[in-house]
Every structure is written in C-alpha cells, then in structure tokens.
Amino acid sequence: MTKVFRRRLAGWTYPEIVRGEGVYLYDREGRRYLDGSSGAIVVTVGHGVPEIAEAIREQAARLAYVHGTEFTSTAMEELATELTPRVPVDDARLFLVSGGSEATETAIKLARQYQLAKGRPGRYKVVFRWPSFHGSTLGALAISGRPTLRTTFAPLLLEMPRIPAPYAYRCALPGCGPACSLECAKALDATIRAEDPDTVAAFIAEPVIGASAGAVVPPADYFKIVREICDRHGVLFIADEVMTGMGRTGKWFGIEHWGVRPDVLTTGKGLTSGYLPGGAVLVKGEIVETLKAGGGFQHGFTYSHHPVVAAAGVAVTRYVERHGLVERARVQGAYLQERLQRLLDLPAVGDVRGLGLMAAVELVQDRKSKAPYPAAARMAQAIQAEALGRGVNVYASGGQVDGAGDLVMVGPPLVVERDQIDEVVAVLGDAIAAVTRT
Ligand SMILES: Cc1ncc(COP(=O)(O)O)c(C=O)c1O
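Read on for an overview of the structure. These numbers were taken from a predicted model, which means no experiment stands behind them.

About the criteria used
- Residues numbered from 1 in each chain as written.
- Predicted model: local features only at pLDDT ≥ 70, side-chain atom pairs only at ≥ 80, totals over all residues.
- Heavy atoms only, no water.
- Axes fitted to C-alpha atoms, helices over the stretch in contact; angles between N-to-C directions.
- Helix = DSSP H or I, 4+ residues; strand = E, 2+ residues; numbered from the N terminus.
- Parallel < 35°, antiparallel > 145°, perpendicular 65-115°, else oblique.
- Left-handed = near helix turned anticlockwise from the far one by under 90°.
- Contact = heavy atoms within 4.5 Å.
- Disulfide = S-S within 2.5 Å.
- Buried < 20%, exposed > 50% of the residue type's maximum accessible area, 1.4 Å probe, protein only.
- Near = heavy atom within 4 Å.
- Polar contact = N/O pair within 3.5 Å; in protein donor to acceptor, adjacent residues only side chain to side chain.
- Areas by Shrake-Rupley, 256 points an atom, 1.4 Å probe, with all protein chains shown as cover.
- Nonpolar A, V, L, I, M, F, W, Y, C, P; charged D, E, K, R; others polar.
- Pairing = 2+ DSSP bridges.
- Phe/Tyr/Trp six-rings, centres within 6.5 Å; stacked < 30°, edge-to-face > 60°.
- Lys NZ or Arg CZ within 6 Å of the ring centre and 35° of its normal.
- Core = buried A, V, L, I, M, F, W, Y, C linked by side-chain atoms within 4.5 Å.
- Domains from an automatic or database assignment.

Two elements in contact, helix 2 (residues 50-62) and helix 10 (residues 307-322), have axes separated by 9 Å at closest approach and are oriented at 150 degrees. As far as their axial angle goes, helix 10 and helix 2 are roughly antiparallel. Crossing hand, helix 2 versus helix 10: right-handed. In contact with Glu51, Ile52, Ala55, Ile56, Gln59 and Ala60 of helix 2, helix 10 contributes Pro307, Val308, Ala311, Ala312, Ala315, Val316, Tyr319 and Arg322.

Right, let's get into the state of the cysteines. A complete count under the given rule lists 0 disulfides for this structure. Here Cys171 stays unpaired: no disulfide links it, and the sulfur of Cys176, its closest cysteine neighbor, is 3.9 Å away. Taking the relative accessible area as the measure of exposure, Cys171 reaches 34% and is therefore partly exposed.

A separate point is the site of the ligand. In the neighbourhood of the ligand, the contacting residues comprise Gly99, Gly100, Ser101, Phe133, His134, Gly135, Glu206, Asp240, Val242, Met243 and Lys269. At a separation of 2.8 Å, an oxygen atom of the ligand approaches a polar backbone atom of Gly100. At 2.7 Å, a side-chain N or O of Asp240 approaches a nitrogen atom of the ligand. The protein chains hide 80% of the 390 Å² of surface that the ligand would expose on its own. Partitioned by chemical class, the residues of the shell around the ligand number 3 nonpolar, 5 polar and 3 charged.

Quick look at the pairing of strand 3 (residues 32-35) now. Here is the key point about a regular strand: its side chains alternate between the two faces of the sheet. Two elements, strand 2 (residues 24-27) and strand 3, share 3 bridges in a ladder whose sense is antiparallel. Note that in strand 3 the partner of Tyr24 across the bridge is Leu34. As paired elements, strand 3 and strand 13 (residues 392-393) share 2 bridges and run parallel to each other. Bridging from a neighbouring strand, Leu34 pairs with Val392 of strand 13.

The next point concerns the environment of Ala55. For Ala55, the position within the fold is in helix 2. For the pair formed by Ala55 and Met243, sequence separation is 188 residues and the distance between their alpha carbons is 23 Å. Among all residues touching Ala55, those that are not within four sequence positions of it are Ala311 and Ala315.

The relative placement of two aromatic rings is captured by the distance of their centres and the angle of their planes. Applying the stated criterion to the full structure yields 7 aromatic pairs. Between Phe203 and Phe237, the aromatic rings sit 6.1 Å apart at their centres with planes inclined by 25 degrees, giving stacked as the arrangement. A residue pair is termed long-range when its members are at least 10 positions apart, and Phe203 in strand 7 (residues 200-205) and Phe237 in strand 8 (residues 236-241) qualify at 34 residues. Exposure remark for Phe237: the relative accessible area of 0% places this residue in the buried category. Aromatic pair Phe223 and Phe237: ring centres 5.8 Å apart, planes at 25 degrees, arrangement stacked. Of the two residues, Phe223 sits in helix 8 (residues 222-233) while Phe237 sits in strand 8, which places them 14 residues apart along the sequence. There is no split in this pair, since Phe223 and Phe237 are both buried. In this structure an aromatic cluster arises from ring pairing among Phe203, Tyr222, Phe223, Phe237 and Trp258. Sitting over the face of the ring of Tyr26, Arg19 holds its NZ or CZ atom 4.2 Å from the ring centroid.

Within the largest apolar cluster, 68 residues are counted, with the highest numbers of intra-cluster contacts made by Leu340, Leu343, Val361, Leu363, Leu428 and Ile432. The element best represented in this core is helix 10, accounting for 10 residues. Residues from two domains meet in this core; each of domain 1 (17-48 + 324-436) and domain 2 (53-322) gives at least three. Aside from chain neighbours lying at most four places away, what touches Leu428 is Leu340, Leu343, Val361, Ile383, Val394, Val408 and Val410. Grouped together as the second largest cluster of nonpolar side chains are 32 residues, Phe203, Val208, Val226 and Ala239 included.

The mixed open sheet is built from 7 strands, whose spatial order is 4-10-9-8-7-5-6. Looking at which strands have only one partner, the edges of the open sheet turn out to be strand 4 (93-97) and strand 6 (162-164). In this sheet, adjacent strand axes meet at a mean angle of 20 degrees when their direction is disregarded. Judged from the 4 bridges that link them, strand 7 and strand 8 form a sheet pairing that is parallel. By the bridge assignment, Phe203 is partnered in strand 8 with Phe237. This element, helix 8, spans strand 5 (125-130), strand 6, strand 7 and strand 8 of the sheet and lies at about 145 degrees to strand 8.

To continue, consider the packing of helix 3 (residues 74-83) against helix 10. Put simply, helix 3 and helix 10 touch, their axes get as near as 8 Å, and they point 35 degrees apart. Considering only the axes of helix 3 and helix 10, their crossing is left-handed. Of the residues in helix 10, those in contact with Ala75, Met76, Glu78, Leu79, Glu82 and Leu83 of helix 3 are Pro307, Ala310, Ala311, Gly313, Val314, Thr317 and Arg318. When the residues that make up the contact of helix 3 with helix 10 are grouped by side-chain class, the tally is 8 nonpolar, 2 polar and 3 charged.

Looking at the element boundaries, Val18 is found in strand 1 (residues 17-21). Measuring from C-alpha to C-alpha, the distance between Val18 and Gly30 comes to 8.8 Å, with 12 residues separating the pair along the chain. Other than its neighbours up to four places away in sequence, Val18 contacts Tyr26, Asp27 and Arg28.

Following this line, the structure appears as structure tokens:
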C-alpha cells in the first residue's frame, strides 16, 4: 500500500507517470496520455523541455538559495527585467513567491499595508466575486467564491464582501436579460458604498474565471467599469492571473483583452510552466514607493525571491517569447474553442466557453432548466476518469451552482498541434456521451 497521502483518498486510480514530453505523459506501463488540461491549466511550454530543465540545474548548481531579506540574485534580477515590461501594470515591481495562493496572500497584505501607508487605517476589506477562486490558504479561501471548498472551513474564514461574477449562463440578476446589463459590474459600486468605502482596501477578480466557474469570459465593458469604480473609491484592483497569465488566453496577460491596467497582478502556474512551484505578484511602482515611505512591507516567506524558481521563470518567459507561444495560444485557442462547440450536440452539455487555450464544458442534467446533476453523482470526475481511460487528461471541477454543478476544463500546453486538439475534443465528447448515457 502506498505511503503517499494522496490528494484523492478514494475513488481514483492513480497512473504512475514516469516521463513527460511535449503534450504527452507516459506511465510506468508505457501508456501515453495526451495532457489536454496541462494538469490544472499549468504547463505552457510543454513537458520535458531540456532547456528549462537545464536552466534549473545550472542555477541550482551555481546558487540554490539566499534569503530575500539578505541578498538578491542574478536570476531574480533577470526575472524582474524579463517580466515587468510584459505586465499591464504601471512601473511594475516583482515580488516572487512559490505559488498562486501565496501570491493572493501577498496581494491581500499588500493592499492592507498600502492603505495604512496612505493614512487610511479603516481600510482592510477585499471585495471578491461569486463564483471565483484565489487559493486554498485561509486568507485566499476567505475571498474565494467556491462553496465546495469553503463549507468545511467556514468558522475559520474572515467575512468579506462579495458580488456576483459575470457568469452569463446562470445570471439571475434583476435587470439582466439575454444581453448583459452589466449589473454585475455595477454591484461593485453598490457594495463598496454599502460597506463604506473607508473600510474597503481592494477588489480581486480573475480576468477569465478559472475552475470555480469554468473559463467564464466577462462582457466587453466589464473591466473598464470595474476599473472606474475602484478609482472612484480609492480601492486597489487586483487581477488574479494565476491561471490566465503567461500567454494562456492569447495575450501575455488576460486583462489585456480589455485594455485595463490593474494596480496589482498575481500570476503562477504558467510562470514556471510547472517545472517548479512558482508565483508572482506584480505591483504598481507607486504602491511600492508608498510602502517604502511608510516604513516598508511586512511580509514574506522563506522561499520568496528564490533563485532557482526565478531561473525557471526566466527560462520559461524566454521560451514563450522565442517560440511565439502567446500568438500560438491565440491561434490554436480559436481552433480549440471552435471545435469544442460541437460538443453542444450532446444533451448533457449545457454550455461551452473560454478564451485562447483556456476552455470549459458545463454539464447539465436538463438543458432547458439548466439543472445540474446531483453533487453526489460526481459527473465531472467520472468524465475525467473515462477520458483518462481513453488516453486524454482533462480537469474536473464544479460546485458553481450552490455546491452542485459539473465542469470539465480543457487547456493543453501552448505547443499543442491541431490534430492533438481534435483528439482531445473527440475523446472528451466520447467520454461525456459514455458517462451521461442513461
Ligand atoms: C485563479 C487562481 N488563483 C489562485 C490559485 C491558487 O494557486 P495555487 O494552487 O498555485 O496556490 C489558482 C489555482 O488553481 C487559480 O486558478
């Protein structure tokens, strides 16, 4: 029996993966799996790229570790030089961490300290959206709209103001019809006013919502309105680009699709393409200067600003640039989105949506009423298992309908070829048909 404390304690048979190459993973028995979701929408440059591995090896051999309060490193300086001109944040500065949840925690504490430094000590609340996901740690979970992940920990979660996300497929806001009335964006203004602007530090949102709602793309003017509301009330806008960053949606960062510049941008996943645990917080220069004048930034981790993570980030960023993977995500992404539409022929598919190489299929028990399957049926996981048995890995999620609801996310590495996209879509369709056939 395994001694590994696994993520899934029951109901899942784990293939043991020994090797990855491009979009493929290989298990001990030599079976091949097409990684149609890059794990949890993580891998950008593909598996097993020798130059990324070599950059990590080389950095670890030369300098594995220094503490971020004592030293900087050449790799850290290089990553800041590579990354900051690419992010849509004014005069951006980089705070490197070890993952998306750490990035969210950093952004929350940053917002609080910035408001203090500005002489606004009453401001601490972070307005978040429902559904949404910003991380598993308790601070990040407190501002994540994911009922399935929150319920168990409810007594531990700080109460924070929430607004509805622009989730058009299930929007029930009064005044919203077939054409979005942007009531969801206006709710931010009403909520900040109701809470008292002098208590609100920041608003956080994923440009395209990840696994909590399934690749939900906002209406065209949404982020412009959100930006204006944040400015009006002196509230920081944090764009959570942990999933959408580093080219995934066909731009370096997802928020660029709407020409809006956040004050703080978090990223992770694609930053290191899964080669090492990594995350980043990119912060407007004016905020960092304010903190500096106000006595500094009281926050950090043992592994913040880690030289080997930085080297992985540099190697990935340069690889994405050199191979034109952002443009590739746009082109291959348009193909993926178009091919996925054919799954709407299946009665159990309620909606198909996404942007670039980030897509999701929402499953319903009844297409007309949009009623989800009961949570206990674990349909998304059953489809994931069925697809895996047929050689394709997809990412199961859900819970977006008061804890019920099934989503399957698709997001292959950005190096994916068209015939591989065809295979992912075909196998996913077969898996959905097989599992939902009654
Ligand atoms: C949008 C978003 N933010 C934050 C996180 C948390 O990142 P991590 O799992 O690296 O801590 C995730 C992870 O799925 C995410 O999708």
